[in-house]
Amino acid sequence: MTDEPDEFPTAEELPDDPVTVDDIDPFTVDDDDFEDINDFAAAEWKNETTANERIRTVINRTTTPKSAGDIAETALVSETKARTTLNRLAEEGLVRSQQTDSGKLYGRDPEWHLLKQVRQLAGSETLVDQIQRVKQELAEYKSKYDATDPEELLISDKELDQDELDDVSHWRTAERELTHLRAAYRLKEAKEQAATVTEPGDTQTGTQTTSPGGGQPPLQ
């Protein structure tokens, strides 16, 4: 079913002339005020988001620890605002901080970030298909190089060219992806099994109304 507006405009509310593409402006800031496209994009991002949202976005994409000043510059906020928000996120366990000789550095918490990824994957309707796709990719690498894993290929006597080294990198990525997908599958199974447990006081306490795994095929 498609979403429809609760009310339609009356004849008096409709414009006299037909609306064209030129009449539609998708941006909330005037692009004529900026000569540089990057400045325009930054202004649009700042206008469409809050300071906290921008700080969270930056820290979630930060793979190496950075200072509050560096994060503030990217997030388009003051250094004081960035430091206050980052310290609060560190207290909540979403950000890790470390004191160095040059000052405090901040980075995303890898465990929290991994759990977030796994939870997102667990909600995917194509989870099983993704697992099968990655398994097929791994099987192709094993067959192509007659090796059980990328490390075996690296320590072999074979001299690897750049394309083969790229394959090693992609192979490792695929193995890591499969690990995350399997963890997501098990999380999804656990949630579905927990949902079948009857609430206390029910006359059928302990009875499962669906099979474990919610009808999902067994994980290989």
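Residues numbered from 1 in each chain as written. Predicted model: local features only at pLDDT ≥ 70, side-chain atom pairs only at ≥ 80, totals over all residues. Heavy atoms only, no water.

A.B. asks: Before we go on, may I ask you to explain the overall build of the protein chain in this structure?
C.D. replies: Summing up its helical and strand segments, the protein chain has eight helices and three strands in all. Beginning at the N terminus, the succession of helices and strands in the protein chain can be written as α-α-β-α-α-β-β-α-α-α-α. Counting every position in the protein chain, which comprises 220 residues, the buried fraction comes to 24%. A separation of at least 24 residues holds for 50% of the contacts in the protein chain among residues at least 6 apart in sequence. A total of about 15,800 Å² of accessible surface is found on the protein chain, and carbon and sulfur atoms cover 48% of it. (Helix = DSSP H or I, 4+ residues; strand = E, 2+ residues; numbered from the N terminus. Buried < 20%, exposed > 50% of the residue type's maximum accessible area, 1.4 Å probe, protein only. Contact = heavy atoms within 4.5 Å. Areas by Shrake-Rupley, 256 points an atom, 1.4 Å probe, with all protein chains shown as cover.)

A.B. asks: It is not clear to me how the pairing of strand β3 (residues 103-108) should be interpreted in this structure. Could you clarify?
C.D. replies: Looking down a regular strand, the side chains alternate between one sheet face and the other. Note: strand β1 (residues 66-67) against β3, two bridges, orientation antiparallel. Counted as the bridge partner of Ser67 is Leu105 from β3. (Pairing = 2+ DSSP bridges.)

A.B. asks: Would you mind going over the pairing of strand β2 (residues 95-100) with me for this structure?
C.D. replies: Judged from the six bridges that link them, β2 and β3 form a sheet pairing that is antiparallel. Following the sheet pairing, Arg96 is matched in β3 by Gly107. Connecting β2 to the antiparallel partner β3 that follows it, the hairpin turn spans two residues.

A.B. asks: Where do I start with a negative patch on the surface in this structure?
C.D. replies: Together, Glu159, Asp161, Asp163 and Asp166 make up a region of like negative charge exposed at the surface. Here Asp163 shows up in helix α8 (residues 162-195). Relative accessible area serves as the criterion here: at 57%, Asp163 is assigned to the exposed category. (Patch = residues over 30% accessible without salt bridge, like charges linked within 9 Å, V, L, I, M, F, W, Y side chains within 5 Å. Salt bridge = Lys/Arg side-chain N within 4 Å of Asp/Glu carboxyl O. Lys, Arg positive; Asp, Glu negative; His and termini not counted. Charge placed at Lys NZ, Arg CZ, Asp CG, Glu CD.)

A.B. asks: Looking at this structure, how should I read helix α2 (residues 51-60)?
C.D. replies: Since one α-helical turn is 3.6 residues long, residues separated by three or four positions face the same way. Considered for burial, the residues of α2 that qualify are Arg54, Ile55, Val58 and Ile59. An end-on view of α2 places all buried positions within 130° of arc, on one side of the element. (Arc of directions from axis to C-beta.)

A.B. asks: What's the story with the packing of aromatic side chains in this structure? I'm lost.
C.D. replies: Under the defined criterion, the tally for this structure stands at two aromatic pairs. With 5.5 Å between their ring centres and 20° between their planes, Tyr141 and Trp171 make a pair best called stacked. Taken together, the positions of Tyr141 in helix α6 (residues 127-145) and Trp171 in helix α8 put the pair 30 residues apart, joining distant regions of the chain. Across the pair, Trp171 and Tyr141 agree in class, each one buried. Each ring, one from Tyr145 and one from Trp171, has its centre 6.4 Å from the other, and the planes form 20°; the classification is stacked. (Phe/Tyr/Trp six-rings, centres within 6.5 Å; stacked < 30°, edge-to-face > 60°.)

A.B. asks: Explain the packing of α2 against helix α3 (residues 68-75) to me, please; I cannot follow it from the model alone.
C.D. replies: If you want to describe how two helices pack, look at the angle between their axes and the distance between the axes. Here α2 crosses α3 at 115°, and the two axes come no closer than 9 Å. As α2 packs across α3, the resulting crossing turns out to be right-handed. Two secondary-structure elements touch here, α2 through Arg54, Ile55, Val58 and Ile59 and α3 through Ile71, Thr74 and Ala75. Class assignment of the residues belonging to the contact of α2 with α3 gives a composition of five nonpolar, one polar and one charged. (Axes fitted to C-alpha atoms, helices over the stretch in contact; angles between N-to-C directions. Left-handed = near helix turned anticlockwise from the far one by under 90°. Nonpolar A, V, L, I, M, F, W, Y, C, P; charged D, E, K, R; others polar.)

A.B. asks: What should I look at first to understand the pattern of salt bridges in this one?
C.D. replies: Opposite charge on two side chains permits them to pair, given that their charged atoms come into close proximity. Scanning all chains against the criterion turns up eight salt bridges. Here Glu92 and Arg88 are joined by a salt bridge, their closest N and O atoms 3.4 Å apart. Take Arg88: its relative accessible area is 33%, and that puts it in the partly exposed class. A salt bridge links Arg96 to Glu111; the nearest nitrogen and oxygen atoms lie 3.8 Å apart. In this pair, Arg96 is assigned in strand β2 and Glu111 in helix α5 (residues 110-122), connecting sequence segments 15 residues apart. Take Glu111: its relative accessible area is 54%, and that puts it in the exposed class. What you see here is one network of salt bridges that share partners, running through Arg96, Asp109 and Glu111.

A.B. asks: What am I meant to see in the confidence of the model for the protein chain here?
C.D. replies: Within the protein chain, residue pLDDT values average 80, and 71% of them lie at 70 or more. Segment residues 23-32: pLDDT under 50, and 14 contacts once partners within four positions in sequence are set aside and those in other chains are kept. Within the model, pLDDT remains below 50 along residues 205-213, and this stretch shows 12 contacts once partners closer than five positions in the same chain are excluded. (pLDDT = per-residue confidence, 0-100.)

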